[in-house]
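Here are the chains, one letter per residue:
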Amino acid sequence: MSESMHHGEPGEHHHGTPAHGAHGQHHGAAHGPTKATWGVAASATLHCLTGCAIGEVLGMVIATALGWHDLPSILLAVVLAFIFGYALTLRGLFRAGLKWRTALRLALAADTLSILVMEIVDNGIMLIIPGAMDSGLTSLLFWGALAFSLLVAFLVTTPINKWIIGRGRGHAVIHAYHH
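Residues numbered from 1 in each chain as written. Predicted model: local features only at pLDDT ≥ 70, side-chain atom pairs only at ≥ 80, totals over all residues. Heavy atoms only, no water.

Engineer: Describe the nonpolar core, naming the residues involved and giving the relevant values.
Structural biologist: Membership of the largest hydrophobic core comes to 34 residues, with the highest contact counts inside it found for Leu93, Leu98, Leu106, Met126, Ile174 and Tyr177. Sorting the residues of this core by element identifies helix H1 (38-65), helix H2 (70-95), helix H3 (100-128) and helix H4 (140-166) as the ones contributing at least two each. Broken down by element, this core gets its largest block of residues, 10 residues, from H3. (Core = buried A, V, L, I, M, F, W, Y, C linked by side-chain atoms within 4.5 Å. Buried < 20%, exposed > 50% of the residue type's maximum accessible area, 1.4 Å probe, protein only. Helix = DSSP H or I, 4+ residues; strand = E, 2+ residues; numbered from the N terminus.)

Engineer: Would you mind going over the side chain of Thr158 in detail, with residue names and values included?
Structural biologist: Note that Thr158 resides in helix H4. For Thr158, a relative accessible area of 7% puts it in the buried group. Here Thr45 takes part through its side chain, which lies 3.5 Å from a polar atom of the side chain of Thr158. Setting aside anything within four residues of it in sequence, one finds Thr158 in contact with Trp38, Ala41, Ala42 and Thr45. (Polar contact = N/O pair within 3.5 Å; in protein donor to acceptor, adjacent residues only side chain to side chain. Contact = heavy atoms within 4.5 Å.)

Engineer: An account of the environment of Met126 is requested, with residue identities and associated values reported.
Structural biologist: Structurally, Met126 can be placed in helix H3. Its relative accessible area of 0% is what places Met126 among the buried residues. Placed 21 residues apart in sequence, Met126 and Ala147 show a C-alpha to C-alpha distance of 9.8 Å. If near-sequence neighbours (up to four positions away) are discounted, Met126 is found in contact with Ala132, Met133, Phe142, Ala145, Leu146 and Ser149.

Engineer: Residues and numbers for the packing of aromatic side chains, please.
Structural biologist: Enumeration according to the criterion identifies three aromatic pairs in this entry. Ring centres of Phe82 and Tyr86 lie 5.8 Å apart, and the angle between their planes is 50°; on these two criteria the pair is classed as tilted. You can see Phe82 and its partner Tyr86 sitting in helix H2, four residues apart, about one turn around the helix. Across this residue pair, the class does not change: Phe82 and Tyr86 are buried. Their ring planes at 90° and their centres at 4.9 Å tell us that Phe142 and Trp143 sit as a pair that is edge-to-face. Classification of Phe142 as buried rests on a relative accessible area of 1%. Residue placement shows Lys162 over the ring face of Trp38; its charged tip is 5.1 Å from the ring centre. (Phe/Tyr/Trp six-rings, centres within 6.5 Å; stacked < 30°, edge-to-face > 60°. Lys NZ or Arg CZ within 6 Å of the ring centre and 35° of its normal.)

Engineer: If you had to explain a nonpolar patch on the surface to someone new, which residues and values would you point to?
Structural biologist: Where nonpolar side chains cluster on the molecular surface, the patch consists of Leu58, Ile62, Leu66 and Trp68 and spans about 350 Å² of accessible area. When you line up the elements, Leu58 lands in helix H1. (Patch = residues over 30% accessible without salt bridge, like charges linked within 9 Å, V, L, I, M, F, W, Y side chains within 5 Å. Areas by Shrake-Rupley, 256 points an atom, 1.4 Å probe, with all protein chains shown as cover. Salt bridge = Lys/Arg side-chain N within 4 Å of Asp/Glu carboxyl O.)

Engineer: Any details on the environment of Pro72? Residues and values, ideally.
Structural biologist: Turning to its location among the elements, Pro72 is positioned in helix H2. In this structure the C-alpha to C-alpha distance between Pro72 and Met60, which are 12 residues apart in sequence, comes to 9.7 Å.

Given below as structure tokens:
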């Protein structure tokens, strides 16, 4: 592995980590801009959306069960969305042989902006749909609004991720670690 691709700590081994991405391109900030396709951007966005959706649903379920109002419900959902979003990325980085500190640094670089945009969009939509936040877990309005908000968050975040990946940032910094 070239030194410029080494994102780890001294003495860290990257078992099976490719030096190039799936299309033979260098990825990561050390190599400058990457030609990002819509497919790569959609895949990265779907990855973030999975963690966000898990956190959102779990947060809303817990908050609703506890009878919380909008602000604490949203705060819990956002915190859990970040935790689950990062956890999904960390799982892959640990599997690639990275140590905790290096994996965490890469996960933060790869996912923070994507998760942040998704959370702003999906929670904003939940707040503007009349009655969605107060409709309860057994309501079609709640689940329909949540599904719609996550779809819109995906559609808004995908072009942002394409732009970020094209500049060697976001998911581009971890692309080489995906098998």
